[in-house]
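# Overview (structure and organization)
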Amino acid sequence: MKLQRTSRDRTGVPAALAGWLATKLPAGADPAVTLHSSIDANGMSSETLSFDVSWEADGARHTAAYVARAVPSAQDFPVYESYRLQDQYDTMRLIGELSDVPVPRVSFMEPTGEVLGTPFFLMDRLGGVVPPDLMPYNFGSNWLFEASPQEQRRLQDNTVKALAGLHSIPQADKVFDFLNPEQPGTTALARHLARTRSWYEFAARDLGPSPLIERALGWLEANLPETTETVLVWGDARLGNMMYEDFEPVGVLDWEMASLGPRELDLSWLIFAHRSFESITENFGLPGMPHFMREEDLVAAYRELTGAEIGDLTWYHVHSAVNWGVLFMRTGARSIHFGEIERPDDIETLMHHRALFERLVNELGTGTP
């Protein structure tokens, strides 16, 4: 299964990249670029171009493997209203400098859009495997599903370790102050929630409103937790954004949603992402992986690594459900744009986690969680 993300004509990309790299490498480097097939099994937002480059230096031919992370063009229905590419670049650079969390090394940045039509930056291409999103890893017939329970548990524990490492970077509110959401609010979490509402309103302009999301947003705003904790929030903490080797992360990827806020935002996202995939397997009558990525196991492992006490995650799960809903609205609008699906009368049918989302919202009380 493939979802179209871009209308880019790839024919001229190698020459354009080679010409640009010639201005970055030493004189006489004579770079040559070999573009690989697109990455379709994962990632829903940015365009990703994988390529090799060779060049002359010191009398020898050198080669390197890169990935270009490019902002999608406006006519291709981008998932986010703004991509803030420099923020993504700086976040990855700082994580690499300040922690042992494995992020790809970033190199050249092209901020103008004059080379490929939209801005992009380069990062090292890593070797490893990624749990697939399409079709989701818990559907079966992939390396993670077929791994032993012990190997699956090792991957789960190592994933939590990477997340704990991100959250342990000291003075995150100062180091990553450029990630503080620009929306109004007296706390980082309040600003984060305001950013979520802004993203929903952006999506609703193309598809119309979602009563389910609006009901959940109203509850979230009325029951905002009173916390001032601020860590680096990855924002898209899920298995499909990690590359593994021997069931250990070797690359933490995709930083479009990075922000500042309480650690529960990431912990919930990690839990809810798997729970969403599990709800989809239920719809298809598939066994799924109910023994894997269970909330109680993830929270216990995280607590042991960090010493942080994690309370009731209900508010954060509802917030995750809203963000997944908006994500499905935008990817659905893009599929409609590219003619992959017809526009539905009920836009909430685009939300593959709808049954889980409805169940979660219907269970909400009127009090603060």
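What this report covers is the structure whose coordinates are included nearby. These numbers come from a predicted model, not from an experiment.

Calculation criteria
All residue numbers refer to position in the chain's written sequence, counted from 1. With pLDDT at 70 or above as the cut-off, local features in this predicted model cover only qualifying residues; side-chain atom pairs require 80 or more to be listed or tallied, and sums for whole chains, interfaces and linings still use all residues. Excluding hydrogens and water, the side-chain figures rest on all heavy atoms present in the structure. The term salt bridge refers to a pairing of a side-chain nitrogen on Lys or Arg with a carboxyl oxygen on Asp or Glu at a separation within 4 Å. Buried residues are those whose accessible area, probed at 1.4 Å on protein chains only, stays under 20% of the maximum for their type, while exposed residues exceed 50% and partly exposed ones sit between those limits. Any two strands with at least two DSSP-identified bridges between them are counted as paired. Runs of E in the DSSP output that reach at least two residues are strands. Runs of H or I that reach at least four are helices, and both are numbered from the N terminus. A helix is expected to reach a length of 1.5 Å times the quantity of its residues less one. To pair, rings of Phe, Tyr and Trp, with the six-membered ring standing in for Trp, must have centres within 6.5 Å; the planes then decide the type, stacked if under 30 degrees apart, edge-to-face if over 60, and tilted in the middle. Fitted lines through C-alpha atoms serve as axes, helices being fitted only where they are in contact, and the angles separating the N-to-C directions of these axes extend from 0 to 180 degrees. Whether two residues are in contact is decided by their heavy atoms, any of which lying within 4.5 Å being enough.

### Here we look at the pattern of salt bridges
If you walk through the whole model with that rule in mind, you get 26 salt bridges. Residues Glu-56 and Arg-61 are paired through a salt bridge, measuring 3.5 Å at the closest nitrogen-oxygen approach. Residue class for Glu-56 comes out partly exposed when judged on its relative accessible area of 33%. On the basis of relative accessible area, Arg-61 is assigned to the partly exposed category, the value being 37%. Connected through salt bridges with shared partners, the residues Asp-346, Glu-348, Arg-354 and Glu-358 form a single ionic network.

### Quick notes on the pairing of strand β7 (residues 242-245)
Judged from the four bridges that link them, β7 and strand β8 (residues 248-252) form a sheet pairing that is antiparallel. In the sheet register, Tyr-244 faces β8, and the bridge partner there is Pro-249. The antiparallel pairing of β7 with β8 creates a hairpin that spans two residues between the two strands, and Asp-246 there sits at a positive phi of about 55°.

### Focus: helix α9 (residues 314-337)
Under the 1.5 Å per step criterion, the end-to-end length of α9 is 35 Å for 24 residues, consistent within 8% with the ideal 34 Å. Where α9 terminates, the next one or two residues include Gly-339, which has phi positive at roughly 75°.

### Structural notes on the side chain of Arg-69
When you line up the elements, Arg-69 lands in strand β3 (residues 60-70). Judged by relative accessible area, Arg-69 falls into the buried class, the value being 6%.

### Considerations on the packing of aromatic side chains
Counted according to the given criterion, the structure contains 17 aromatic pairs. Geometrically, the ring pair formed by Phe-51 and Tyr-66 is tilted, given 5.9 Å between the ring centres and 35° between the ring planes. In this pair, Phe-51 is assigned in strand β2 (residues 47-57) and Tyr-66 in strand β3, connecting sequence segments 15 residues apart. For the pair formed by Phe-51 and Tyr-66, the shared burial category is buried. Between the aromatic rings of Trp-324 and Phe-328, the centroid separation amounts to 5.6 Å while the plane-to-plane angle is 45°, which identifies the pairing as tilted. Here the residue Trp-324 and the residue Phe-328 both occupy positions in helix α9, the gap between them amounting to four residues, near one helical turn. Assessed through its relative accessible area of 1%, Trp-324 is described here as buried. Under the relative-accessibility criterion, Phe-328 is labelled buried at 6%. Chaining the aromatic ring pairs together yields one cluster made of Tyr-137, Trp-269, Phe-277, Phe-292, Trp-324 and Phe-328.

### Considerations on the sheet that holds strand β4 (residues 106-110)
Working definition: the strands of a sheet are paired by backbone hydrogen bonds and lie parallel or antiparallel to each other. If you walk across this open sheet you meet the five strands as β1-β2-β3-β5-β4, and the pairing is antiparallel. In the strand order of this sheet, the two ends are held by β1 (32-35) and β4, each with one partner. When strand polarity is set aside, the average angle formed by the axes of neighbouring strands in this sheet is 30°. Strand direction decides the pairing type here: β1 and β2, joined by four bridges, are antiparallel. If you follow Ala-32 over to β2, its bridge partner there is Ser-54. Across the sheet, helix α1 (residues 13-22) touches β1, β2, β4 and β5 (120-124), and the angle it forms with β1 is around 145°. Here helix α2 (residues 85-98) sits on the sheet and contacts β3, β4 and β5; the angle it forms with β4, its principal contact strand, is near 165°.

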